[in-house]
Amino acid sequence: MFSVFALITFCLVLLVDGNGSMKAYTVSLKGDATHAVRNALFAAQANGKLDILHTERGEEASVDVLVLGEHAADFDRMIKEHGIVPQLFDDDLESSVKKFFEENDRERRVGGRSRRDVEDEPTNPHYMTFEEMETRLRERAAEHSTTATLESIGQTAEHRELWLLKISTNASLPIIWIDAGIHAREWIAPSTAFYLIDVLLSKKGLELRGKYQFYVAPMLNPDGYVYSGTKVPSYVRFWRKNRSPTQDPKCFGADLNRNFPYQWGLVGVENITCSQIYPGHAAGDQLETQSVIATLSPIAEQTKLFISLHSYGQYIFTAFGHAKKEYPEGQDEQTTKVRRA
């Protein structure tokens, strides 16, 4: 079993100026400055001055940062001290976020369901609410009752269900697990999972259904997803974590992707409750990760592929993520299959 992740390809720096207007910049880190700037950004995040949306590894790396209000000038000065000049990407991201929600709401009102080239299976022209996702899953299970079954594998801190759609014609077949939405702001990931469900249940999926079972959990972080769609304030759209309480009553949530027990807390985390990459108080202490573990553990031997959908980018990542040059058994075979894909 191995993991596949799609992540971010370029650097998007989000600034919120003193007027509350967000601006977006692209920044490339190269050469000697890369290490120093990355350390400075993580230090600023630890002090609550910014939120690192994403950081790439390597000497030529990118870092995605969200800077709020009064800290925008400090961030700009820190970047320029290292000889880096951000390039303006969007001079009013707040308006862009507002426009995004308006267009999505308009598609919902006008478009309803559209039809794409998936053997006439319906897909959505807009990003669904969580309630719409639940309705869609129930519909798909009812429409394909001999092939698809829907079950809840747990609940969140805000009492939303964690749904798993099982697509199976033979319970003895090997299992492919697909999940999405573990990071709240990555809306295209659950949309992709629902598209895959449509494909797998269509005529195009007939051959695959004869070879594998597909367990699809299209939304693993519904609390965070709902929160990221509250529209005001605009920067909430970039919320990453779930919404579970922490030791700090002012800070909510853990990065569920960093909460799983294996090599927990080693790299890429911050043990600060307000950080967007806070891994939780303890390994596997979040309801969502506990539900995934409890569901996967009994079928671990039967599960041959684990795919976790993320955005944004055109990457396929395989294990391991916690250390360089440390690979699971069968890494060469995994690499060969990924390149074929």
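Worth saying up front: this structure is predicted, and the values here are computed from it rather than measured.

> Now, about unusual backbone geometry: what can you tell me, with residues and values included?
A cis amide bond links V232 to the next residue, P233, at an omega of -10 degrees. Here P233 is to be found in the loop between helix 7 (222-228) and helix 8 (287-296). Following A319, the chain continues to F320 via a peptide bond in cis, the omega torsion being 0 degrees. One non-glycine residue, H159, lies in positive phi territory at about 65 degrees. Relative to the elements of secondary structure, H159 occurs in the loop between strand 9 (148-155) and strand 10 (161-167). Backbone geometry places K231, a non-glycine residue, at a positive phi of 80 degrees. In this structure, K231 sits in the loop between helix 7 and helix 8. Under the relative-accessibility criterion, K231 is labelled partly exposed at 37%.

> Give me the pairing of strand 13 (residues 303-309): which residues, what numbers.
Remember that side chains alternate between the two faces of the sheet whenever the strand is regular. For strand 13, a buried count of 6 out of 7 residues is recorded, marking the element as mostly surrounded by other parts of the structure. For strand 11 (residues 175-180) and strand 13, the ladder comprises 6 bridges, and the chain directions are parallel. When the sheet's bridge partners are listed, D179 is paired in strand 13 with S308.

> Please set out the nonpolar core residue by residue, giving values where relevant.
Ranked by size, the top nonpolar core spans 31 residues in total, and within it M133, L165, I178, I197, F214 and L309 carry the most contacts. Put simply, the parts of the chain that give this core at least two residues each are helix 3 (93-110), helix 4 (130-143), strand 10, strand 11, helix 5 (188-200), strand 12 (213-217) and strand 13. Residues within four places of M133 in sequence aside, it is in contact with M128, P190, F194, M219 and Y225. Listed in part, the 17 residues of the second largest apolar core include L29, A40, I52 and V65.

> Tell me about the packing of helix 4 against helix 5, and name the residues and values.
One can describe the packing of helix 4 onto helix 5 by two numbers: an axis separation of 12 Å at closest approach and a directional angle of 15 degrees. It follows from the interaxial angle that helix 4 and helix 5 lie roughly parallel. Note that helix 4 runs across helix 5; the crossing there is left-handed. Between helix 4 and helix 5, the contacting residues are M133, R136, L137 and R140 on the first element and P190, F194, I197 and D198 on the second. Looking at the contact of helix 4 with helix 5 residue by residue, the class counts come to 5 nonpolar, no polar and 3 charged.

> Describe in detail the state of the cysteines, supporting the description with residues and values.
In a disulfide, the sulfur atoms of two cysteines are covalently bonded to one another. The final tally for this structure, using the stated rule, is 1 disulfide. Between C251 and C274 runs a disulfide, and the two sulfur atoms are separated by 1.6 Å. Of this pair, C251 sits in the loop between helix 7 and helix 8 while C274 sits in the loop between helix 7 and helix 8, placing them 23 residues apart in sequence.

> Provide a residue-level description of the pattern of salt bridges, including the pertinent values.
In total, this model carries 15 salt bridges according to the counting rule given. Here K231 ties to D105 by a salt bridge, and the two come within 2.6 Å at their closest N and O atoms. Pair noted here: K231 is in the loop between helix 7 and helix 8 and D105 is in helix 3, with a separation of 126 residues, a long-range link. Residues joined in a network through salt bridges with shared partners are D105, R108, E132 and K231.

> Please set out the environment of A40 residue by residue, giving values where relevant.
Here A40 lies in helix 1 (residues 33-46). In this structure, the C-alpha to C-alpha distance between A40 and F75, residues 35 residues apart in sequence, is 9.8 Å. Residues contacting A40, with those up to four places away along its chain left out, are M78 and H82.

> Hey, could you go over the side chain of T295 for me, with residue numbers and the actual values?
On the secondary structure map, T295 appears in helix 8. Side-chain polar atoms of T295 contact the backbone oxygen of S291, separated by 2.8 Å. Beyond its immediate sequence surroundings of up to four residues, T295 is in contact with I153, L164 and W177.

> Break down the packing of aromatic side chains for me, citing the residues and quoting the values.
Applying the stated criterion across every chain, the model contains 10 aromatic pairs. Measuring from centroid to centroid gives 5.9 Å for F101 and W187, while their planes differ by 70 degrees, and the two rings are edge-to-face. Placement of the pair is F101 in helix 3 and W187 in the loop between strand 11 and helix 5, with a sequence separation of 86 residues. With relative accessibility at 6%, the residue F101 sits in the buried group. The structure contains a cluster of three or more aromatic residues connected by ring pairs, namely F100, F101, Y127, W187 and Y225.

> Account for the confidence of the model for the protein, with residues named and values stated.
Taken as a whole, the protein shows an average pLDDT of 84; of its residues, 85% reach a score of 70 or greater. Every residue in residues 1-19 is under pLDDT 50, and counting partners more than four places away or in other chains gives 103 contacts.

> Go over helix 8 with me, naming the residues and quoting the values.
For the α-helix, the turn length of 3.6 residues means that residues three or four positions removed from each other point alike. Residues of helix 8 that are buried: E288, T289, S291, V292, T295 and L296. Angular distribution of buried residues about the axis of helix 8 spans 160 degrees; they occupy a single face of the element. On its buried face, helix 8 is in contact with strand 9, strand 10, strand 11, helix 7 and strand 13.

Rules of the game
Residues numbered from 1 in each chain as written. Predicted model: local features only at pLDDT ≥ 70, side-chain atom pairs only at ≥ 80, totals over all residues. Heavy atoms only, no water. Helix = DSSP H or I, 4+ residues; strand = E, 2+ residues; numbered from the N terminus. Buried < 20%, exposed > 50% of the residue type's maximum accessible area, 1.4 Å probe, protein only. Pairing = 2+ DSSP bridges. Core = buried A, V, L, I, M, F, W, Y, C linked by side-chain atoms within 4.5 Å. Contact = heavy atoms within 4.5 Å. Axes fitted to C-alpha atoms, helices over the stretch in contact; angles between N-to-C directions. Parallel < 35°, antiparallel > 145°, perpendicular 65-115°, else oblique. Left-handed = near helix turned anticlockwise from the far one by under 90°. Nonpolar A, V, L, I, M, F, W, Y, C, P; charged D, E, K, R; others polar. Disulfide = S-S within 2.5 Å. Salt bridge = Lys/Arg side-chain N within 4 Å of Asp/Glu carboxyl O. Polar contact = N/O pair within 3.5 Å; in protein donor to acceptor, adjacent residues only side chain to side chain. Phe/Tyr/Trp six-rings, centres within 6.5 Å; stacked < 30°, edge-to-face > 60°. pLDDT = per-residue confidence, 0-100. Arc of directions from axis to C-beta.

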